[in-house]
Amino acid sequence: MPPGRTLRILPEFIANRIAAGEVVERPASAVKELLENSIDAGASEITLEILSGGFRITDNGFGMTRDECLLALERHATSKIGDVDDLDRIDTLGFRGEALPSIASVSRFRLESRPAEADTGTEVLVEGGRLMYVREAGLPVGTMIEVTDLFFNTPARRKFLKRDATENGHIREMFARVALAFPHIGFRLIVNGRVSVDVPAELDPRERGARLLGREFARQSVEFAKTSNSLGYGLAGLLGHPRDNRARADEIYWFVNGRFIRDRTLNHALISAYRQFMPHDRFPRASLFITLPADEVDVNVHPTKQEVRFAKGRDLYGFISGAVTDALESWLRSQPNLAEDGQAPLPAGPGARMGPATYGGAGYGGSGYGRYGRSGAAGFTEAPAEPGAASMFDSGGMMRRKEVIAEIPVRDYDTEGDGFYGRLAFIGQALGTYLVCQGDDGIVLIDQHAAHERVTYMAMLEAYRSGRPPMQGMLMPQVIEMTPVALESLTEHGELLAAIGFELAPFSGNAMAVKAVPAALAGREVRRVVLDVARELGELGSAEMAQQAVAERIIGCACQGSVRANQPLSEPEVRALLRQLDEIERAGNCPHGRPVVVTLSRVELERRFGRSQ
């Protein structure tokens, strides 16, 4: 030991302040702990009052006797844990017995409580961990706790608190989280003596969401529920519309068995379902409730209990991603118009699911993608390869598409179809990128780049699902130098990449030899594709994602930019693309969430030209 230092047991008041630093980060943290205590106490009505310099929480729960009030202020005093086995099946919000003594040690703390069987109650005052008095008082059944001057005796912590308005905003946010999680309990928030939020028990979920998260969110959301009997999982809540998105993920609310949590894996699962409908750098709004067996979730991994660990993370990921995807597709397809901002609706029909038989002669040198064409776009002609070329790469490292994959005729698509896109009348191509069409009631603009990308993505995804992905072998493997991290990512996911259509082999040093790529990617710059895939795998990190979800992310990355803009298209080629859009799912957005199609209705055109009455 260093000179002058000896081991010793910390005094209780110091230990309590250390615990307070872990549990109580700011006033909102104390509010969370005390609201959860009220819920665990069986309250049916809970009121939170924001005061000048503090807050007060009142409930009509079981209440406590005089001895219980004093014992509750001791560290590790709890009624929720009896033996070590109880830690494996925690079904209450609190269980450690640290919140009350921790909060009381760094504030002016007043506790009033009375159980139903007692005629009078008990009032306790604690200041900075020191018991000031305990006395009998006439009180209603339940418990009231008032906390003021938080951190008054710890100036180093107090100076980090923000302005009152900011801290009160965090308290409001915490109140909303807790109130959302327990619809069978009535909650009331009072600010400056006036009722700010009132959510009675058993209120309709959408109305409860409107009062706590805002009416705009409730109006632009869908309520859904899904269960898995085999896994014992349940998922329910409100999903926000893809267009009502945010730059951050802080409006995604997760509740596991009634406990608000933050979890990267759950966010991944939700966002993977939304990726088809919104830009990749945006985040949805959602309020989702997960129920699962108590012994499959460990809540004892973080001081504030806002992080948990799941026993079957991959199963849960797949369940959430699939349930949300199904709910979104059903909801968006049922809407007459996807968005107010001109985005076109999803196809009204179920969309033809592309089975393995649609890919024709999968294998080296064949078309591999049948009616979906090379690179997922049937009939899009390419400039002929240079005569006599011996290499399959041009000088820029691009695979020569005509040499590696057969031409796909467009004659099967030269007539109009009966789907949303097939019924469009093609007018022309604008700026070498946008297809201008006339619909039933207005002008329809289609981003050919995004449309190609969607078709390519769906073709590759269905090939992966079929277990027989068409691959394009190379005459000479292309060796790609990369970082050790990128090399490790590709090596770790070798089996998955092979199932998608990549054939990779380690080379010397930090290099990988590419022997084959998915046939739909013929014509892409191989080095860029492989490095993009490696980067995407690295960003996924150790998240417990189901293999199907990982495959979807990698396929989406690989096909990004599969067709360049500024490419002139003939009318038969355009007709082929439109028909293909009718035959695939999720045709309204590219795999990265950008819209494929935008509409200008007759009403909008007339308004802009001043013709509306």
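Everything numeric here is computed off the predicted structure, so don't read it as measured data.

J.: Quick rundown of the overall build of the protein? Include the residues and the values.
T.: The secondary structure content of the protein amounts to 18 helices and 22 strands. Looking at the protein as a whole, 54% of its 613 residues are labelled buried. The long-range share in the protein, meaning contacts at least 24 apart out of those at least 6 apart in sequence, stands at 68%. Accessible surface, the protein as shown: approximately 28,100 Å² in total, 51% of it carbon and sulfur.

J.: Go over the sheet that holds strand 21 (residues 511–518) with me, naming the residues and quoting the values.
T.: Across the sheet, 3 strands lie side by side as 19-21-20; this open sheet has antiparallel pairing. At either end of the open sheet lies a strand with only one pairing partner, and these are strand 19 (471–481) and strand 20 (503–506). Sheet twist, expressed as the mean angle between neighbouring strand axes with direction ignored, is 15 degrees. Across 4 bridges, strand 20 lies against strand 21 in antiparallel orientation. Residue pairing for strand 21: Glu503 is matched across the bridge by Ala516.

J.: Now, about the nonpolar core: what can you tell me, with residues and values included?
T.: Membership of the largest hydrophobic core comes to 52 residues, with the highest contact counts inside it found for Phe109 and Phe187. Top contributing element to this core by residue count: helix 6 (residues 164–181), with 8 residues. Those residues in contact with Phe187, other than ones at most four positions away along the chain, are Ile39, Ile46, Phe175, Val178, Ala179, Phe182, Val197, Asp198, Val199 and Arg208. Formed by 49 residues, the second largest nonpolar core is a distinct cluster that contains Leu424, Ala450, Tyr464 and Val529.

J.: Describe the pairing of strand 5 (residues 130–137), naming the residues involved and giving the relevant values.
T.: The pairing of strand 4 (residues 121–127) with strand 5 spans 7 bridges and is classified as antiparallel. The residue of strand 5 that forms the bridge with Leu125 is Tyr133.

J.: Explain the environment of Arg130 to me, and be specific about the residues and the numbers.
T.: You can see Arg130 is positioned in strand 5. For Arg130, a relative accessible area of 60% corresponds to the exposed category.

J.: For the pairing of strand 2 (residues 54–59), give the residues involved together with the corresponding values.
T.: Summarising the sheet, strand 1 (residues 45–51) and strand 2 pair through 6 bridges and their orientation is antiparallel. The partner of Leu48 across the bridge, within strand 2, is Ile57. In this structure, the hairpin formed by strand 1 and strand 2 is closed by a connection of 2 residues, where Gly53 is found at a positive phi of approximately 90 degrees. Pairing geometry for strand 2 and strand 6 (residues 142–148), over 6 bridges, is antiparallel.

J.: Account for the packing of helix 6 against helix 7 (residues 205–213), naming residues and giving values.
T.: Viewed as axis vectors pointing N to C, helix 6 and helix 7 meet at an angle of 170 degrees, and their least axial separation amounts to 10 Å. On the basis of the axis angle, helix 6 is roughly antiparallel to helix 7. Where helix 6 abuts helix 7, its residues Phe175, Ala176, Ala179 and Leu180 lie against Arg208, Gly209, Leu212 and Leu213.

J.: Tell me about the side chain of Glu296, and name the residues and values.
T.: Among the secondary structure elements, Glu296 is positioned in the loop between strand 13 (286–291) and strand 14 (297–298). Glu296 gets classed as buried once you look at its relative accessible area, which sits at 12%. There is a polar contact of 3.0 Å between the side chain of Glu296 and the side chain of Tyr233. Not counting residues within four places of it along the chain, the set of residues in contact with Glu296 comprises Tyr233, Arg309, Phe310, Ala311 and Lys312.

J.: Give me the pattern of salt bridges: which residues, what numbers.
T.: This structure, assessed with the given rule, holds 28 salt bridges. Residue Arg248 pairs with Asp250 through a salt bridge whose shortest N-O separation is 3.9 Å. A relative accessible area of 32% means that Asp250 is categorised as partly exposed. With a closest N to O distance of 2.8 Å, Glu604 and Arg607 form a salt bridge. Of this pair, Glu604 and Arg607 both sit in helix 18 (residues 602–608), 3 residues apart, which is roughly one turn of the helix.

J.: Residues and numbers for the packing of aromatic side chains, please.
T.: One pass over the structure, following the stated rule, counts 6 aromatic pairs. Seen from their ring centres, Phe255 and Phe289 are 4.8 Å apart, and the 15 degrees between their planes marks the pair as stacked. Of this pair, Phe255 sits in strand 11 (residues 252–256) while Phe289 is found in strand 13, placing the two residues 34 residues apart along the sequence. Judged by its relative accessible area of 1%, Phe255 is buried. Here the aromatic cluster, defined as three or more aromatic residues joined through ring pairs, consists of Tyr253, Phe255, Phe260 and Phe289. Sitting over the ring of Phe152, Arg108 keeps its end group 4.1 Å from the ring centre.

J.: Kindly report on unusual backbone geometry, identifying the contributing residues and their values.
T.: Negative phi values dominate among residues other than glycine, just as trans dominates among peptide bonds. Not every positive phi belongs to a glycine, and Asn192 is a case in point at roughly 55 degrees. A positive phi angle is found at Leu431, which is not glycine, with a value near 55 degrees.

Criteria and cut-off values
- Residues numbered from 1 in each chain as written.
- Predicted model: local features only at pLDDT ≥ 70, side-chain atom pairs only at ≥ 80, totals over all residues.
- Heavy atoms only, no water.
- Helix = DSSP H or I, 4+ residues; strand = E, 2+ residues; numbered from the N terminus.
- Buried < 20%, exposed > 50% of the residue type's maximum accessible area, 1.4 Å probe, protein only.
- Contact = heavy atoms within 4.5 Å.
- Areas by Shrake-Rupley, 256 points an atom, 1.4 Å probe, with all protein chains shown as cover.
- Pairing = 2+ DSSP bridges.
- Axes fitted to C-alpha atoms, helices over the stretch in contact; angles between N-to-C directions.
- Core = buried A, V, L, I, M, F, W, Y, C linked by side-chain atoms within 4.5 Å.
- Parallel < 35°, antiparallel > 145°, perpendicular 65-115°, else oblique.
- Polar contact = N/O pair within 3.5 Å; in protein donor to acceptor, adjacent residues only side chain to side chain.
- Salt bridge = Lys/Arg side-chain N within 4 Å of Asp/Glu carboxyl O.
- Phe/Tyr/Trp six-rings, centres within 6.5 Å; stacked < 30°, edge-to-face > 60°.
- Lys NZ or Arg CZ within 6 Å of the ring centre and 35° of its normal.

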